[in-house]
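# Notes for the structure review
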Amino acid sequence: MASRASIFDTSRAAFGETEFARRIALAREEYPDQEHGKPTLFRLLGELDLLLEPARRLTRTVEVPKARNPQTIILLPGFGTGPRKMRYLASHLERAGHRTKRWGLGRNMGVAREAMERLEDRLIEVSERYQEPVALVGWSLGGLYARELAKRHPICVSKVITMGSPFSGSPRANNVWRVYQAIAGHRVDQPPIETVLSEKPPVETVALWSPNDGAIGPRNAAGRPGERDRAIALRCTHAGFAYAPECIQTVLAELDRPKEGSSVD
């Protein structure tokens, strides 16, 4: 008779194989009618520009104006990345006089109910510590989290800035949804939290997008009127949202932009 340990190991192995097969099946699903508008292969290959970025930083100088209204900012990384990928952007925001904070969850591996709850706690904690609403700057999937946080706790959020975040249209109009489903373990249109992605948060919401984005469909990141307050076109790649000088300068300008109806001294 097999021991309890061997039976347990066999069951665990069988479960692992079943789960692996399920995730592979998720990645292989076919939805050709929902992929209209995704970036071309040429645009996707353009993301290899990321490989040249370390060399560029050796000689690049990014002009950073002093912030007129220094703020506390939480930076939310894109899918598959963590705070280290946001550090270059954070360093320039800090040079301008802003205070940046990590999102506190390590690597972003997809939408999860527990992650959403922890982010809510993080937002409330930072807002209460500094006694002010917090600006949320989210790259790609991080921007979707930022929008949801602002919907749930608008009193804690001063502004949302998304960078290449697919909040509008089909969630499959991009080149990463298959990888996402395999890793996250759920369909992109069936996240484990209740949400309407295209619904605009009740705070000022700005969408940065790029026609050169090789991962996310530009129209999905730009959104439609009513889904965001403003959409600003840049010329960077998807990876470039985290380091391109024009993106850094645009984020700084948006943080300094006064709310409509407010006055500037």
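Anything mentioned here points back to the structure above.
Residues numbered from 1 in each chain as written. Predicted model: local features only at pLDDT ≥ 70, side-chain atom pairs only at ≥ 80, totals over all residues. Heavy atoms only, no water.

### Here we look at the overall build of the protein
Helices and strands together make up the secondary structure of the protein, namely nine helices and six strands. In summary, the protein has a C-alpha radius of gyration of 20 Å against a globular reference of 18 Å for 265 residues, a match within 12%. For the C-alpha atoms alone, the extent of the protein along its principal axes is close to 80 × 45 × 40 Å. Taking all 265 residues of the protein together, 48% fall into the buried category. When the accessible surface of the protein is split by element, carbon and sulfur atoms take 56% of a total near 13900 Å². In the protein, which carries 39 positive and 32 negative side-chain charges, the distance between the mean positions of the two groups comes to 4 Å. (Helix = DSSP H or I, 4+ residues; strand = E, 2+ residues; numbered from the N terminus. Rg over C-alpha atoms; globule rule 2.2 N^0.38 Å. Buried < 20%, exposed > 50% of the residue type's maximum accessible area, 1.4 Å probe, protein only. Areas by Shrake-Rupley, 256 points an atom, 1.4 Å probe, with all protein chains shown as cover. Lys, Arg positive; Asp, Glu negative; His and termini not counted. Charge placed at Lys NZ, Arg CZ, Asp CG, Glu CD.)

### Remarks on the packing of helix α5 (residues 113–130) against helix α6 (residues 141–152)
Close contact between α5 and α6 brings their axes to 10 Å; oriented N to C, the two are set at 65°. Where α5 crosses over α6, the handedness of that crossing is right-handed. Counting all contacts with α5, which are made through Ala115, Met116, Leu119, Glu120 and Leu123, the residues of α6 involved are Tyr145, Glu148, Leu149 and Arg152. Taken together, the residues that form the contact of α5 with α6 break down as six nonpolar, no polar and three charged. (Axes fitted to C-alpha atoms, helices over the stretch in contact; angles between N-to-C directions. Left-handed = near helix turned anticlockwise from the far one by under 90°. Contact = heavy atoms within 4.5 Å. Nonpolar A, V, L, I, M, F, W, Y, C, P; charged D, E, K, R; others polar.)

### Considerations on a nonpolar patch on the surface
A cluster of nonpolar side chains, contributed by Leu41, Leu44, Leu45, Leu48 and Leu51, occupies part of the molecular surface with about 530 Å² of accessible area. Judged by relative accessible area, Leu48 falls into the exposed class, the value being 53%. (Patch = residues over 30% accessible without salt bridge, like charges linked within 9 Å, V, L, I, M, F, W, Y side chains within 5 Å. Salt bridge = Lys/Arg side-chain N within 4 Å of Asp/Glu carboxyl O.)

### So, unusual backbone geometry
Phi at Gln131 is positive, roughly 55°, even though this residue is not glycine. Positionally, Gln131 belongs in the loop between α5 and β3 (134–139). Residue Gln131 is classed as exposed on the basis of its relative accessible area of 68%. Of note, Ser140 is a non-glycine position whose phi angle comes to about 55°, a positive value.

### Regarding the sheet that holds strand β2 (residues 99–102)
The strand order across the open sheet built from six strands is β2-β1-β3-β4-β5-β6, with neighbouring strands paired in parallel fashion. Two strands close off the open sheet at either side, each with one partner strand: β2 and β6 (230–233). With strand direction ignored, the average angle separating the axes of adjacent strands in the sheet is 20°. Two elements, strand β1 (residues 72–76) and β3, share four bridges in a ladder whose sense is parallel. In the sheet register, Leu76 faces β3, and the bridge partner there is Gly138. Relative to the sheet, α6 contacts β1, β3, β4 (157–163) and β5 (204–209), its axis offset from that of β3 by approximately 150°. (Pairing = 2+ DSSP bridges.)

### So, the environment of Arg22
Following the sequence through the fold, Arg22 ends up in helix α1 (residues 4–27). The class of Arg22 is partly exposed, set by a relative accessible area of 37%. Taking the C-alpha atoms as reference, Arg22 lies 9.7 Å from His186; in sequence the two are 164 residues apart.

Taken by themselves, the reported measurements are silent on function.
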